[in-house]
Amino acid sequence: MIEAYYPPKASVLNYFSSLSPSDIPRKYARVTVHHGSAPEPVVKDYLVGPLPIGSTTHMQPLTDIYHLDAIPHNARGFDTRDWTAPEIFDKMAAPLMEAYEELLGGTPGKDLITAGCGPFSFDGSFRRLWLGWRRNTPGFFLHPLNLYQYIDMSGTDSSQWDQLKIVYNHQVFDTAESFMEAFHNGSLKRVPLVDPAADLSYSTRKRIGAQRDLDHLPGPRSVSFAGLRFRVDRDLQYVSWMGWGMYLGFDRDMGLSLWDIRFRDERIVYELKPQEALAQYAGNDPFQSTTAWLDRYFGMGQSVRDMLPGYDCPHEAVYLPATTYSEAGMTTRERAICIFEHDTGRPLTRHLGYEENEFGAVKGYELVIRSIATVGKYVNLLSYFDYIFHLDGTIEVRVSASGYLQAGFYDEKQGQYGNRIWETSIGSLHDHVINYKVDLDVAGTANSLLQTTLTQEVVTQPWYEEDWGDQVIQQVVMRKYIDNENDALLRFPTNFQGGYSIVNPEETNKWGTPRGYAIHPGYSPIHNTVIGSKRLLKNANWARYNLAVSRRKETEPSSSSMWNMNLPGAPPVDFHKFFDGENITQDDLVAWVNVGMHHLPQSEDAPNTRTNTAASSFFLTPINYFDYDVSIESTNAVLLKNPEKPGDPFTYDDYGVRPAHCVPEHPSPFEYHPAKVFDLDGNPAPASSIEDMRKASELYHRIKLEL
């Protein structure tokens, strides 16, 4: 794997200050090399640069951002040999062919497919996974079967890989021989087969039901009659809108990121970037109960797919491409990112009044920058990553999801772990937690963490009347600065009575109050439910909190890594090690903020989860940063004036911005194309077949055995 390595922040800010060509930061690449033939096989990262290649270019181990010097080979990235090495499947599947036919109703590679769950290792000393069987039918994610096989894929010699365990209907067997013996002698407790003629179409997306009234008409669409009101510099990947400006970044691990976010010519955020996405399941079978995915392993950026115009984004959205690089070559998605402005349909501010200049409203326009990753772990979850910019200086970060569940096999022992969604399928209980890095620079890089707490007090005042008594119970706000990193692993207070802000006490607004930005919870502000699971022992400690704030360091660029999933006992990035008692008063700070959902699936999650409820968000919103609400500057507003005499209409001032109207252009015909793929030399590669695209997308979740 090869991708750009971000330069130090100090170098970037120095260049932004001078704009001198001599201050342009040097370019480096991060290169991942698998040393599989070494006496002790390992995976290592290297820093290569400066680039382009010249006399000063060199290659050195990249270790200062990790808590390990090397990654054990058993914890390596996803490896096609895990599901294509013939030796393991000969040992696993061949002895059970008769049982597959009779117990599961089919044969591997034809009627049946299998899938694996992770993590695959604890500390790198082994590489193992549970395989669960499914029907090979559309929406196979929702058709699990009741047979599981535990496979050892440790080491580099696939001839030594083996099967360790078989579980069928809660019965455990150590060998294929003992399982087949029970199968033949009648001691195996069997599960009745689903009728071969059963209708399996519940898992497809084909429309059913009567057409609803007026649904034969196309729905409304957004049209900017006077032209788009945002600018996109495709060469610089720079976007500007209504006083906002930012650069876009993109990488293999987590996809879209935003840099140097400015509002009204002041930097608000240096870096806004997703870090990791966790999904931990529950169940009463070997597959669901041992699943704890960390999606950075699969590559959220590499999993980005082209958007469906008119569905994923409005017709008039501007699309940008993204390219990722892997061992197979380069892949470019032409519609990886979309940008659009839309009217929320409600004003941002409004008041009805009768004094002069009281009655009016400001339009609630927003700019949305969106990317979508299709991640195989959910399975085939589509995660919508939205960055939403508001006229008042607020940034909203929202994640919403849709796709197929990772369903479990339903029986009477599974009820407390989810809801039944079909004859033999259960939607299994699980948590999603997504972590973001938010490098706020509030009126400079020297910032502090302010905690506010709302409580109550009992006060006595001489003006209180006897009829009500001489006491009043009322709210009071308590403010304190959190000075130590160790105290900055945070959860939102009960009833949200208070919150946290990044402020600069050395820079105040007109009223003498420190300028700041609050980290405000939005929809579903959760953290992970389970604490202490061995499968998430140390590799996702960030998920225990709503947010955390640490001192910014170049050696701590991310809360996770692509290898963390398979090393929960000894992760390359141990988030808790960021918090080592340092002072965080008036320093460059980073907030690590979580969104997510506790997902108790229901029958309405079939065939796919819905984005309206599977959503979570947080806001970065000004708190005394300005002297007033700056959205009042918008001329897309109206100010009403009282009638001169009773019965006359109100007059108004629309600041000269009146609704535009014209016949809009016809939307482009709907098209959807596969990604552009290039080989390692950058030459166009042959188009992929549908089966090859499925393998690249579904990975461990649709393993089609070819015996």
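Just so it is clear, the model here is predicted, and its values are computed rather than measured.

On to the sheet that holds strand S10 (residues 171-173). Taken in spatial order, the five strands make up an open sheet running S6-S7-S8-S9-S10, and their pairing is antiparallel. The open sheet has two edge strands, strand S6 (112-117) and S10, and neither has a second partner. Across the sheet, the mean angle from the axis of one strand to that of its neighbour is 25 degrees, orientation sign disregarded. As paired strands, strand S7 (residues 128-135) and strand S8 (residues 144-152) are joined by six bridges and run antiparallel to one another. Among the inter-strand pairings, Arg 134 is bridged to a residue of S8, identified as Pro 144. Most of the contacts of helix H4 (residues 97-104) go to S8, to which it runs at about 155 degrees, and overall it touches S6, S7, S8 and strand S9 (162-168). In the packing of helix H5 (residues 176-185) onto the sheet, the strands contacted are S8, S9 and S10, and the crossing angle to S9 comes to about 30 degrees.

A separate point is unusual backbone geometry. Here the bond from Gly 49 into Pro 50 is cis, since omega is -5 degrees, no more than 30 degrees from zero. The phi angle at Leu 19 is positive, at roughly 55 degrees, despite the residue not being glycine. Mapping Leu 19 onto the fold places it in the loop between helix H1 (9-18) and strand S2 (27-35). The backbone of Arg 264 shows a phi angle near 55 degrees, a positive value even though the residue is not glycine.

Scanning the model with the defined rule gives 30 salt bridges in all. When the shortest N-O distance is used, the salt bridge between Asp 253 and Arg 30 registers 3.6 Å. Separated by 223 residues along the polypeptide, Asp 253 in the loop between strand S13 (244-251) and strand S14 (255-263) and Arg 30 in strand S2 bring together distant segments of the chain. For the pair Asp 253 and Arg 30, a shared accessibility class is recorded, and that class is buried. Note that Asp 253 is salt-bridged to Arg 252, the shortest N-O span being 2.8 Å. In this structure, a network of salt bridges that share partners links the residues Glu 3, Arg 30, Asp 45, Arg 252, Asp 253 and Arg 296.

Each value, and the rule that gives it
Throughout this description, residue numbers start from 1 for each chain and increase along the sequence as written. Residues qualify for local features only when their pLDDT is at least 70, as the model is predicted, and side-chain atom pairs are given and counted only at 80 or more; totals for whole chains, interfaces and linings, by contrast, use all residues. To get the side-chain values, take all heavy atoms of the structure and skip hydrogens and water. Only when DSSP finds a minimum of two bridges between them are two strands counted as paired. In this description a helix means any DSSP run of H or I spanning at least four residues, a strand means any run of E spanning at least two, and both kinds are numbered starting from the N terminus. Between N-to-C directions, angles cover 0 to 180 degrees, with each direction set by a line fitted to C-alpha atoms, over the stretch in contact for helices. What makes two residues a contact is simply this: any of their non-hydrogen atoms within 4.5 Å. Throughout this description, the term salt bridge denotes a Lys or Arg side-chain nitrogen within 4 Å of a carboxyl oxygen of Asp or Glu. Exposure categories follow from relative accessible area, calculated using a 1.4 Å probe and restricted to protein chains: below 20% of the type maximum is buried, above 50% is exposed, and the middle band is partly exposed.

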